[in-house]
Amino acid sequence: MTEQLERLVEENAMVRPQGEDVVTVVAVVGGGTMGQGLAQTISQHGIDVLLIEQDQDALDKATQELSDNLDQQINRWSITESDKRAILTRIEGTTQLEKVEECDLLIESIPEIIEQKKQLFEVADELCPPETVFVTNTSTLSITEIAAATEREDQVIGMHFLNPVHRIPLVEIVRGLKTSDQTFRFVQRFAGMLNKTAVEVFEYPGYVTTRVILPMLNEAMFVVMEGVASAEGVETAMKLGFNFEEGPLTLADKMGLDELLFWMETLFRELGDQKYRPCPILKKLVHAGRLGKKNGHGFFKYDENGRKIAGFDM
Amino acid sequence: MKVLVLNCGSSSVKYQLFNMDDRSVLARGQVDRIGMKGAVLSHTRHDGHKVKMAGEIIDHQTAIEYILAILISENHGVLEEREEIDAVGHRVVHGGEKFKDSVIITKEVVEQLQEFIDLAPLHNPHNIKGINACHQLLHDVPMVAVFDTAFHATMPDYSYLYGLPYVLYKRYAVRRYGFHGTSHYYVSRRARDIVGRKMEELKIITCHLGNGCSITAIDGGKSIDTSMGFTPVEGLLMGTRSGDVDPALVLHLLGKEELTIGDMNTLLNKHSGLQGVSGVSSDMREIIEAVDDDNERARIAMDIFTYRLKKYISSYVGILGGLDLLVFTGGIGENAPRVRWESTEGLDFLGIKLDDEENNDTIGSENNISAKDSEVQTFVIPTNEELVIAIDTEKLVNEMD
């Protein structure tokens, strides 16, 4: 069928437009929460997605969760049934990494383990055409170090999206040491295609968003620990005082307390400043297995629909 | 003169090639799924020859390139060479307050249109893409923009202004613009031709009932009020749009359902209307089937639809100070006798009375469906926006010479 169209153009001596900046297929490697969010958002903007997982079970799980998530969004009025169908049609799930050879852009959202990311990029470097741009979604690891695993260091760049990807209109774009201006502009345009506002940040722990929000959440925990105010009091004060959609402890529960602790420890270690010392309550809750909204209990208790059902207790 | 009419949407381009000597359509078709895998070009020639082609069509320019190619192709085409296209007419959704009529497209016009993107973020960007692509491909061939809003530019200020602080109108051009102008214009002119009277002496109401629905009061040929407003959400109930709602209700729901502005936009535009009320479908045919199967919510949806239409028709008779012609057009207006009947039932006192049989027999064709003793003549007239665009294009290009 494609041949027909091409012949039509040839017969009539026409020149096909050059599509150097065109992104038509994006490979998303890793189908966790972030990978699913990326797949949805990219597909929603009319770009085909290859969602790649390491085995069939993981892929099935990712596809199911993605579909469930879309149903939730229909219930929340953000999309329609036909939007869902259109989104899913443009996402092709696969366990074959070799398929990345078709993509214009590759985004990895696999676990934050430097060796795994390096290995993935090294393999993809062999498989992808030379012009494909590699994006890492890391928020903790060095782009420069990951890029060094490839022969295309100038075409590797970081894009730090925030969860839930389809709702947060921001992306932090992170250059590695050797990232070229061309690659930067390319992903900047890609961010534009996804309707995201891009902020350029330099490779430094936590970038802007994580670096600024974390100490605030941590401080809120200290306020509770020191008995300055109750957990509910902190929530109300910050919500109403600064027009936040939710209080800091609710936000912490939503982000995942284990993630927060991991982050605070990383900032503390990397930047060496006392202000990043994780609050003991945070450690205590994580050690007690209270990880936040995702397992129903963090600072607050939640039912299976994620609705808050009980206040703070220790 | 041969005129190519283009209607560029977000991922589609519809086209018709007119021979203006006899106003016949030489070929028509559309490209769908632009920028996605498996884009499709469907093309129909005047002799009924049809062809579908699939392939990769990355952007509007490529789409138009293919359209030009198929128009001159040996097997499917109707032209020897693309130079035979004398002019291109573009459908443009929003002309803001600036464009009260169709215009020859110049660099300045395109710049102006860029400024209106804010007013029609879903449509104008694609219309502009189409214009730029044509300019790239056809160079100096004159192009004309025909606006959905232009016909309503004659609305008086008390009709187009909202009861909001006037300064906001000055600051952001927030006012009622109205849409479907080309369609309301076409069917009102067609109705006048049928009755053979002067436009100046006619009071006409035109109901464009398709996926989107709007109704217009036309006095002496000029639109004096229309039901769509700043956006196409206002007015009648539609397939998936709510039509009129209390604006304070929107604020109430934003809080109750914890919605973002984007969610609310989708709620009003995609989850409401016939679809939202009935839970059955956004398609009037399926609603009517469901009503016949005693589906209660489909019945409610149907009733809201016809009740509101009747309310608008009656109020427009009021502002017009009488009525001569009532016109139904659009997918529902042309094909749903039941909607026409129920929305005019009991309006005898305004002079509107349909002939049951004529009404039931008229599906998708032009006809007078009024009762013999009706003071108001009611017509079904299939709309033809593309022809209006072609005619305007020809006219402006001729004037240019």
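Only a predicted model underlies this, so the values are computations on that prediction, with no experimental measurement involved. (Residues numbered from 1 in each chain as written. Chains lettered and ligands numbered in written order. Predicted model: local features only at pLDDT ≥ 70, side-chain atom pairs only at ≥ 80, totals over all residues. Heavy atoms only, no water.)

**A look at the domain arrangement of chain B**
Next, step 1: Along its sequence, chain B is organised into domain 1 (2-147) and domain 2 (197-380).
Next, step 2: One C-alpha centre belongs to domain 1 of chain B, the other to domain 2 of chain B; they are set 30 Å apart. (Domains from an automatic or database assignment.)

**Considering helix α5 (residues 114-127) of chain A**
Residue and element names in this part refer to chain A.
Next, step 1: Its 14 residues give α5 an end-to-end C-alpha distance of 20 Å, which sits within 8% of 20 Å, the value for a rise of 1.5 Å per residue.
Next, step 2: Residues of α5 that are buried include every one of K117, L120, F121, A124 and D125, and no others. Down the axis of α5, the buried set is contained in an arc of 135 degrees. They therefore lie on one face. For α5, exposure combined with an orientation more than 90 degrees from the buried face picks out Q119 and E126.
Next, step 3: Looking at the buried positions of α5, the neighbouring elements they touch are β1 (25-29), β4 (105-108), β5 (133-136), α6 (143-147) and β6 (156-161). (Helix = DSSP H or I, 4+ residues; strand = E, 2+ residues; numbered from the N terminus. Expected span 1.5 Å × (residues − 1). Buried < 20%, exposed > 50% of the residue type's maximum accessible area, 1.4 Å probe, protein only. Arc of directions from axis to C-beta. Contact = heavy atoms within 4.5 Å.)

**As for the confidence of the model for chain A**
Next, step 1: When pLDDT is averaged along chain A, the result is 90, and 93% of the positions lie at 70 or above.
Next, step 2: In the predicted structure, residues 12-19 of chain A sits below a pLDDT of 50 and forms 16 contacts with residues beyond four places in sequence or in another chain. (pLDDT = per-residue confidence, 0-100.)

**Focus: the nonpolar core**
All names here are of chain B.
Next, step 1: In this structure, L4, L71, V88 and L113 are the most contacted members of the largest nonpolar core, which totals 47 residues.
Next, step 2: Among the elements that make up this core, the one with the highest residue count is helix α1 (residues 60-72) (eight residues).
Next, step 3: When near neighbours in sequence (up to four residues on either side) are disregarded, V88 contacts L4, L6, C134, L138, V141, P142, M143, V144 and T393. (Core = buried A, V, L, I, M, F, W, Y, C linked by side-chain atoms within 4.5 Å.)

**Here we look at the domain arrangement of chain A**
Next, step 1: In terms of domain boundaries, chain A breaks down into domain 1 (21-202) and domain 2 (210-310).
Next, step 2: Look at where the C-alpha atoms of domain 1 of chain A and domain 2 of chain A centre, and you get two points 28 Å apart.

**Quick look at a negative patch on the surface**
Next, step 1: On the surface, a cluster of negative charge is made up of E286, E289, D293 and D294 of chain B.
Next, step 2: You can see D293 of chain B is positioned in the loop between α10 (284-292) and α11 (296-320). (Patch = residues over 30% accessible without salt bridge, like charges linked within 9 Å, V, L, I, M, F, W, Y side chains within 5 Å. Areas by Shrake-Rupley, 256 points an atom, 1.4 Å probe, with all protein chains shown as cover. Salt bridge = Lys/Arg side-chain N within 4 Å of Asp/Glu carboxyl O. Lys, Arg positive; Asp, Glu negative; His and termini not counted. Charge placed at Lys NZ, Arg CZ, Asp CG, Glu CD.)

**Here we look at the packing of aromatic side chains**
Residue and element names in this part refer to chain B.
Next, step 1: Going through the model one piece at a time under the given rule, you end up with 10 aromatic pairs over all chains.
Next, step 2: Seen in terms of ring centroids, Y312 and Y316 are 5.8 Å apart; in terms of plane orientation they differ by 80 degrees. Their pairing is edge-to-face. With Y312 and Y316 both in helix α11 and four residues apart, this pair spans about one turn of that helix. As far as the burial class goes, Y312 and Y316 line up, both buried.
Next, step 3: Between R175 and the ring centre of Y160, over which it is positioned, the NZ or CZ distance is 3.7 Å.
Next, step 4: Lying over the aromatic face of Y177, R175 brings its terminal NZ or CZ to 4.7 Å of the ring centre. (Phe/Tyr/Trp six-rings, centres within 6.5 Å; stacked < 30°, edge-to-face > 60°. Lys NZ or Arg CZ within 6 Å of the ring centre and 35° of its normal.)

**Examining the sheet that holds strand β3 (residues 91-94) of chain A**
What holds strands together in a sheet is hydrogen bonding between their backbones, with the strands either parallel or antiparallel.
Residues and elements named next belong to chain A.
Next, step 1: Read from one edge of the open sheet, eight strands run β3-β2-β1-β4-β5-β6-β7-β8, paired in mixed fashion. Where the open sheet ends on each side, the last strands, each with one partner, are β3 and β8 (197-202). With direction set aside, neighbouring strand axes in the sheet form an average angle of 25 degrees.
Next, step 2: Bridge count between β1 and strand β2 (residues 48-52): five bridges; the pairing is parallel. Paired with A27 across the strands is L50, a residue of β2.
Next, step 3: Helix-sheet contacts for α5 involve β1, β4, β5 and β6, and the interaxial angle to β5 is about 165 degrees. (Pairing = 2+ DSSP bridges. Axes fitted to C-alpha atoms, helices over the stretch in contact; angles between N-to-C directions.)

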